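# Close look at the chain arrangement
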Amino acid sequence: MQPQLEVRDLRKEYPVRGGEPIVAVESVSFTVPSGGSLAVVGESGSGKTTCARLICRLEQPTSGSVLFAEPPSAAGERELSPRLRRAREVQMVFQDPYASLDPRQTVTEAVAEILKVHGVASKAERARRVNDLLDKVGLPERVGSSKPRRLSGGQRQRVAIMKALAVQPRLLILDEAVSALDVSVQAQVINLLADLREAEGLTYLFISHDLGVVRQISDTCIVMRHGVVVEQGATEEVLDSPTDPYTQQLIDAVPRPGWKPRVRSG
Ligand SMILES: Nc1ncnc2c1ncn2[C@@H]1O[C@H](COP(=O)(O)OP(=O)(O)OP(=O)(O)O)[C@@H](O)[C@H]1O
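A quick note: this is a predicted structure, and the numbers were derived from the prediction, not measured. (Residues numbered from 1 in each chain as written. Predicted model: local features only at pLDDT ≥ 70, side-chain atom pairs only at ≥ 80, totals over all residues. Heavy atoms only, no water.)

### Here we look at the overall build of the protein chain
Note the threshold: Only DSSP runs of H or I with at least four residues qualify as helices, and only runs of E with at least two residues qualify as strands; both kinds are numbered from the N terminus onward. In this description the radius of gyration comes from C-alpha coordinates, and the expected globular size is given by 2.2 Å times residues to the power 0.38. Only protein chains enter the accessibility calculation, which uses a 1.4 Å probe. A residue is then buried if its area is under 20% of the maximum for its type, exposed if over 50%, and partly exposed in between. Residue contacts follow a heavy-atom distance rule, with two residues in contact if any of their heavy atoms lie within 4.5 Å. Surface exposure here means Shrake-Rupley accessible area, sampled with a 1.4 Å probe, where a residue is shielded only by the protein chains that are shown. By the counting scheme adopted, Arg and Lys are positive, Glu and Asp are negative, and His together with the chain ends is not counted. The location of each charge is read from NZ of Lys, CZ of Arg, CG of Asp or CD of Glu.
For the protein chain, the count of helices and strands is ten helices and nine strands. Compactness check: the protein chain gives a C-alpha radius of gyration of 20 Å against a globular reference of 18 Å for 266 residues, within 12% of the reference. On the principal axes, the C-alpha backbone points of the protein chain span a range of 65 × 45 × 45 Å. Classification of the 266 residues of the protein chain by burial places 45% in the buried group. Considering only contacts in the protein chain between residues 6 or more positions apart, those separated by 24 or more positions represent 68%. Working note: accessible area of the protein chain is about 14,500 Å², and carbon and sulfur atoms make up 48% of it. Positive and negative charge centroids in the protein chain, built from 34 and 33 side chains respectively, lie 8 Å apart.

See the structure below:
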């Protein structure tokens, strides 16, 4: 079966004036099957976000390619414009939803605007779809008339997911999307993402430094260090029996139950 996403030999260099370029990503290859969930883990600066930006076409790779499965077009739908086609391939959800929400717009206005841009011409149809989307992300209808500052962190992240879903993408890139949430809210959003993945047949690329979250949300994972993939495989196998010393280090850095901070001497 054709994968939903195939990344081949991706490389990204950033020029440095008067010096060697920074190689942010090098020789990165992986596939994600349709409906699959792949996590990208690694410490800060390992190239995770650069990979995501290349996949979303926010940046151009220096070399290599990013291939998506053809988005299915609904019966009777007109030929998709290149813009709509791209939006249907991939949408991104970031750590800080506040930054991507317009403080002057209500939730309904923000989502209706996206629907309008993407060709939903009838106002009544837009209203119907907004209510449907609110329901999908577990928000009560009244939240539709709220502005972002009235919402909790968890609600805002649900709105960010709702905006991403409005264009019916096949792939969602979640870049540290639950990292800023309190643990109990984080668990609720993880459950929502798991439910949505199943109900909507979504494919996830889940970027996170939190190995506990990665274990819950992904089937497979890649471990990145200094821009390259040092280990990849089924998430459970990689986290339970890492073969690369760097993966082992990442796992060892996670506090376990009973862990007590100690002062290092010397
Ligand atoms: N626009 C840019 N110009 C120059 N260097 C960049 C640029 N964006 C990223 N880099 C560099 O590329 C490397 C990878 O950065 P990237 O943000 O992809 O890592 P990351 O794993 O996502 O880290 P974090 O978890 O902190 O976001 C880093 O050395 C970073 O400094």
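Read on, since the account is not over.
### Section: the pattern of salt bridges
Filter applied, for reference: Salt bridges, as used here, are contacts in which a Lys or Arg side-chain nitrogen is within 4 Å of a carboxyl oxygen on Asp or Glu.
Under the counting rule described, the total for this entry stands at 13 salt bridges. The shortest N-O distance in the salt bridge between glutamate 125 and arginine 128 comes to 3.0 Å. Remark: arginine 128 and glutamate 125 occur in helix 5 (residues 123-136); sequence separation between them is three residues, near one turn of the helix. Here glutamate 125 falls in the partly exposed class, since its relative accessible area comes to 24%. On the basis of relative accessibility, which here comes to 47%, the residue arginine 128 falls in the partly exposed class.

### Considerations on the pairing of strand 3 (residues 37-41)
Most of strand 3 is tucked away, with five of its five residues classed as buried. The alternating pattern of strand 3 places Ser37, Ala39 and Val41 and Leu38 and Val40 on opposite faces, both of which are buried.

### Quick notes on the nonpolar core
Going by this rule: Residues enter a nonpolar core if they are buried and are Ala, Val, Leu, Ile, Met, Phe, Trp, Tyr or Cys, with the set joined through side-chain atoms within 4.5 Å. Annotation comment: domain bounds sourced from an automatic or database domain assignment.
Core analysis: the largest hydrophobic core is formed by 39 residues, its most contacted members being Ile161 and Leu193. Among the secondary structure elements, those contributing two or more residues to this core are helix 4 (107-117), helix 5, helix 6 (153-165), strand 6 (171-175), helix 7 (183-200), strand 7 (203-207) and helix 8 (211-217). When residues in this core are grouped by element, the largest group, six residues, is from helix 6. Built from parts of two domains, this core gets at least three residues from each of domain 1 (1-69 + 170-265) and domain 2 (99-169). Excluding anything up to four places from it in sequence, leucine 193 contacts Ile161, Leu174, Val178, Tyr204, Phe206 and Ile217. Counting residues in hydrophobic clusters, the runner-up holds 23 residues, among them Phe30, Val40, Ala52 and Leu171.

### Comments concerning the site of the ligand
Quick note on the threshold: By convention in this text, a residue qualifies as near a molecule or strand provided that one of its non-hydrogen atoms is within 4 Å of it. Pairs of N or O atoms are called polar contacts if they sit within 3.5 Å, as long as, within protein, a hydrogen donor faces a hydrogen acceptor (for residues adjacent in sequence, only side-chain-to-side-chain pairs). Only Asp, Glu, Lys and Arg are considered charged in this grouping, and only Ala, Val, Leu, Ile, Met, Phe, Trp, Tyr, Cys and Pro are considered nonpolar; every other residue, Gly among them, is considered polar.
Taken together, Tyr14, Ile22, Ala24, Glu43, Ser44, Gly45, Ser46, Gly47, Lys48, Thr49 and Thr50 make up the full set of residues adjacent to the ligand. Here glycine 47 contributes a backbone N or O atom positioned 3.1 Å from an oxygen atom of the ligand. Lysine 48 is positioned such that a nitrogen or oxygen atom in its side chain is 2.9 Å from an oxygen atom of the ligand. The protein chains hide 58% of the 630 Å² of surface that the ligand would expose on its own. Looking at the shell around the ligand residue by residue, the class counts come to three nonpolar, six polar and two charged.

### Comments concerning the sheet that holds strand 5 (residues 90-93)
The line we're drawing: For two strands to count as paired, DSSP must find a minimum of two bridges between them. Note on geometry: axes are lines fitted to C-alpha atoms, helical ones only across the stretch in contact, with angles between N-to-C directions running from 0 to 180 degrees.
Across the sheet, six strands lie side by side as 5-6-7-3-8-9; this open sheet has mixed pairing. Unpaired on one side and paired on the other, strand 5 and strand 9 (228-234) mark the two borders of the sheet. Neighbouring strand axes in the sheet, compared pairwise and without regard to direction, differ in orientation by 15° on average. Contacting strand 3, strand 5, strand 6, strand 7 and strand 8 (220-225), helix 1 (residues 48-55) crosses the sheet at an angle of about 150° to strand 6. Packing of helix 2 (residues 82-89) onto the sheet brings it into contact with strand 5 and strand 6, and relative to strand 5 it is tilted by some 55°.

### Section: the sheet that holds strand 4 (residues 63-68)
The antiparallel open sheet is built from three strands, whose spatial order is 2-1-4. Each edge of the sheet is formed by a strand with only one pairing partner; in this case those strands are strand 2 (22-32) and strand 4. Geometrically, the sheet is characterised by an average inter-axis angle of 20° between neighbouring strands, direction not taken into account. With seven bridges joining them, strand 1 (residues 5-14) and strand 2 adopt antiparallel strand pairing. Considered in strand 2, the bridge of glutamate 13 is made with valine 23.

Nothing here speaks to function; it is all geometry.
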